[in-house]
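# Inside the fold
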Amino acid sequence: MTRANRPAWATIGVNEERYRPLYARLLNLRFVNPGGVLCFLFFEGAIALAVLLALAELVSWWAVLVLPAVVAAMVKLNDMVAAIVVRSAALVPEQERDRFRRQMEPVVGRARVEWVSHSVPGVVITADPVPPPRRADRSD
């Protein structure tokens, strides 16, 4: 049994490779993992859009060949950019990653309000509802 020559950081396993859509296999996508419906939209959707534009005489009939190729090039470019991002993230030391995660954690529910009772003299904090203010009656 021969094994495909793949880098260790690739996200798709060798066993899963044969179940991927043909579009993703032909483009040799490693980090972008489109499903069957998305591959259908990328290829056949681009052809249908090009045919509609050609029938409306907005573009020449060459667009039927060019538009799917341009979409495939953009998908491959997106996969290459994702590979660069993953490689550069792997170079960041673990300590920096932990510090970044701590900075990005939401702090909802962690606010403390002890400072109100001793910082502002004369302020009473209660849990009782405050009655609405009375309006001045103009008939007096």
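What you see is a predicted model; the values in this text were computed from it and never measured.

Here is what the cut-offs are and how they apply
- Residues numbered from 1 in each chain as written.
- Predicted model: local features only at pLDDT ≥ 70, side-chain atom pairs only at ≥ 80, totals over all residues.
- Heavy atoms only, no water.
- Core = buried A, V, L, I, M, F, W, Y, C linked by side-chain atoms within 4.5 Å.
- Buried < 20%, exposed > 50% of the residue type's maximum accessible area, 1.4 Å probe, protein only.
- Contact = heavy atoms within 4.5 Å.
- Axes fitted to C-alpha atoms, helices over the stretch in contact; angles between N-to-C directions.
- Helix = DSSP H or I, 4+ residues; strand = E, 2+ residues; numbered from the N terminus.
- Left-handed = near helix turned anticlockwise from the far one by under 90°.
- Nonpolar A, V, L, I, M, F, W, Y, C, P; charged D, E, K, R; others polar.
- pLDDT = per-residue confidence, 0-100.
- Patch = residues over 30% accessible without salt bridge, like charges linked within 9 Å, V, L, I, M, F, W, Y side chains within 5 Å.
- Areas by Shrake-Rupley, 256 points an atom, 1.4 Å probe, with all protein chains shown as cover.
- Salt bridge = Lys/Arg side-chain N within 4 Å of Asp/Glu carboxyl O.
- Polar contact = N/O pair within 3.5 Å; in protein donor to acceptor, adjacent residues only side chain to side chain.
- Expected span 1.5 Å × (residues − 1).
- Bend = angle between axes of the 7 residues up to and from the residue.
- Phe/Tyr/Trp six-rings, centres within 6.5 Å; stacked < 30°, edge-to-face > 60°.

The next subject is the nonpolar core. Counting residues in hydrophobic clusters, the biggest one holds seven residues: Tyr23, Ala24, Leu27, Leu29, Cys39, Ala72 and Val75. Discounting residues that sit within four places of it in the chain, alanine 72 has contacts with Tyr23 and Leu27.

Relative orientation of the contacting elements helix H3 (residues 36–55) and helix H4 (residues 63–91) amounts to 145 degrees, with a least axis distance of 8 Å. For the element pair H3 and H4, the recorded crossing hand is right-handed. Facing Phe42, Phe43, Ala46, Ile47, Leu49, Ala50 and Val51 of H3, the residues of H4 in contact are Ala63, Val64, Leu67, Pro68, Val71 and Val75. Among the residues forming the contact of H3 with H4, the class breakdown is 13 nonpolar, no polar and no charged.

Predicted confidence across the protein chain gives a mean pLDDT of 78, with 65% of residues reaching 70 or more. Within the protein chain, H3 carries the highest mean pLDDT (94), whereas helix H6 (residues 115–119) carries the lowest (52).

Taken together, Trp62, Leu65, Val66, Val70, Met74, Leu77, Met80, Val81 and Val85 make up a surface patch of nonpolar side chains, about 900 Å² in accessible area. Inspection of the secondary structure assignment puts tryptophan 62 in the loop between H3 and H4.

With respect to the helices and strands, arginine 30 occurs in the loop between helix H2 (22–26) and H3. Taking relative accessible area as the criterion, arginine 30 reaches 18% and is therefore assigned buried. At 2.5 Å, the side chain of arginine 30 and the side chain of asparagine 28 are in polar contact.

Across its 20 residues, H3 extends 27 Å between first and last C-alpha, which sits within 8% of the 28 Å expected from 1.5 Å per residue. Remark: the principal bend of H3, roughly 30 degrees, maps to glutamate 44. Taken together, the buried positions of H3 are occupied by Cys39, Ala46, Ala50 and Ala54. Buried residues in H3 make contact with H2 and H4.

The next subject is the environment of leucine 38. Checked against the element boundaries, leucine 38 lands in helix H3. The spatial distance from the C-alpha of leucine 38 to the C-alpha of tyrosine 23 is 9.8 Å, given a sequence separation of 15 residues.

To continue, consider the packing of aromatic side chains. As enumerated under the stated definition, the model contains two aromatic pairs in all. Judged by centre distance (6.0 Å) and plane angle (35 degrees), the ring pair of tyrosine 23 and phenylalanine 42 falls under tilted. Separated by 19 residues along the polypeptide, tyrosine 23 in helix H2 and phenylalanine 42 in helix H3 bring together distant segments of the chain. Under the relative-accessibility criterion, tyrosine 23 is labelled buried at 12%. Pairwise contacts between aromatic rings join Tyr23, Phe42 and Phe43 into one cluster.

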